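Listed below are the residues making up each chain.
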Amino acid sequence: MRLDRFVCKSTELLKYEVIQHIHNGAVLVNGVVVRDEAVQVHENNDISLNGQKLAARAFRYMLINKPANTLCSNVDGVYPSLFSLIDVERPSELHIAGRLDADTTGLVLITDDGRWTFAITSPSGQCHKVYRVKLAKPIAADAGESFLQGIALQGEQELTLPAQLQIITPQEILLTLTEGKFHQVKRMFAAVGNKVVSLHRESIGAVKLDVAIGEWRYLTDVEIGSFSHILLNKL
């Protein structure tokens with residue numbers, strides 16, 4: 001974690017105030033003055049501000065059922081931010097662990113733990129995300145094999161990673177991915193001659209969506225820990 005973020009997470013100071021303290025030499029890391037706010041620190045470091053030892057607040061982990069026409073952003077834009085639906089302290093410390101397009105609905109994970117987010121979103125983590133896809137026309141007979149082999153997307157040099165299709169009806173599919181390129185699902189189906197009409201994320205790893213649209217909850221310890229094998233592989 002960056003030093004300025006650690007101090008923010010350990011105090012009620014605003015970021016610009018924290019940076020000012022760091023530049024003024026008020027922050028020590030393992031007994032040494034550090035004036036660079038971008039220095040990476042760890043939970044086992046001894047970090048103090050004006051002689052007082054700091055301890056970061058516990059990380060937060062939650063899920064929300066994203067409605068259509070909301071943004072996976074900390075601020076409003078053309079549509080309202082997803083964070084407008086969440087009533088928690090210090091929302092600015094939180095971020096989205098795997099964004100969805102404005103018109104896509106379903107499971108979104110929210111946290112302030114950057115390492116946990118990286119484990120979930122990095123393709124190398126092989127974290128499975130399941131989407132329910134409704135199509136404009138029946139799926140092609142050979143689409144399943146194409147998705148398994150990888151699909152060439154316009155503007156991309158490499159094929160997509162292998163993905164699995166489960167056909168519910170000819171125009172309703174469950175798609176399992178382990179990566180999240182820009183507009184990837186829509187682009188994959190366009191590449192096989194179809195169009196996505198609606199898109200809904202149902203699960204990420206072992207975490208399944210179980211709240212109503214627009215509702216949120218904190219993750220259980222079991223759900224949080226279900227990604228631990230990915231974290232261990234990245235250490």
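Everything below is about the structure printed above this text.
None of these values were measured; they are calculated from a predicted model.

Novice: Looking at this model, I keep getting lost on the overall build of the protein chain. Mind explaining?
Specialist: Secondary structure summary: the protein chain contains 7 helices and 13 strands in total. Of all 235 residues assigned to the protein chain, the portion counted as buried reaches 44%. Pairs at least 24 apart in sequence give 63% of the contacts found in the protein chain among residues at least 6 apart. Total accessible area on the protein chain is roughly 12600 Å²; 54% of this is exposed by carbon and sulfur atoms. Side chains of the protein chain carry 24 positive and 26 negative charges; the gap between the two charge centres is 2 Å.

Novice: I tried to follow the packing of aromatic side chains on my own but got confused; where do I start?
Specialist: The description of an aromatic ring pair uses the distance of the two centres, along with the angle that the planes make with each other. With the rule as written, the count across this model stands at 4 aromatic pairs. Centre to centre, the rings of W216 and Y218 are 5.2 Å apart; their planes meet at 75°, and the pair counts as edge-to-face. An aromatic cluster of at least three residues, connected via ring pairs, comprises Y61, W116 and F227.

Novice: Would you take a moment to explain the pattern of salt bridges for this structure?
Specialist: In a structure, side chains of opposite charge can pair up when their charged atoms sit close to one another. Applying the stated criterion to the full structure yields 18 salt bridges. The partner of K181 in a salt bridge is E156, with the nearest N and O atoms 3.7 Å apart. Placement of the pair is K181 in the loop between β10 (172–177) and α5 (184–191) and E156 in the loop between α4 (143–149) and β9 (164–169), with a sequence separation of 25 residues. By relative accessible area, which is 26% here, K181 ends up partly exposed.

Cut-offs used in this document
Residues numbered from 1 in each chain as written. Predicted model: local features only at pLDDT ≥ 70, side-chain atom pairs only at ≥ 80, totals over all residues. Heavy atoms only, no water. Helix = DSSP H or I, 4+ residues; strand = E, 2+ residues; numbered from the N terminus. Buried < 20%, exposed > 50% of the residue type's maximum accessible area, 1.4 Å probe, protein only. Contact = heavy atoms within 4.5 Å. Areas by Shrake-Rupley, 256 points an atom, 1.4 Å probe, with all protein chains shown as cover. Lys, Arg positive; Asp, Glu negative; His and termini not counted. Charge placed at Lys NZ, Arg CZ, Asp CG, Glu CD. Phe/Tyr/Trp six-rings, centres within 6.5 Å; stacked < 30°, edge-to-face > 60°. Salt bridge = Lys/Arg side-chain N within 4 Å of Asp/Glu carboxyl O.

None of the figures reported here should be taken as evidence of function without further support.
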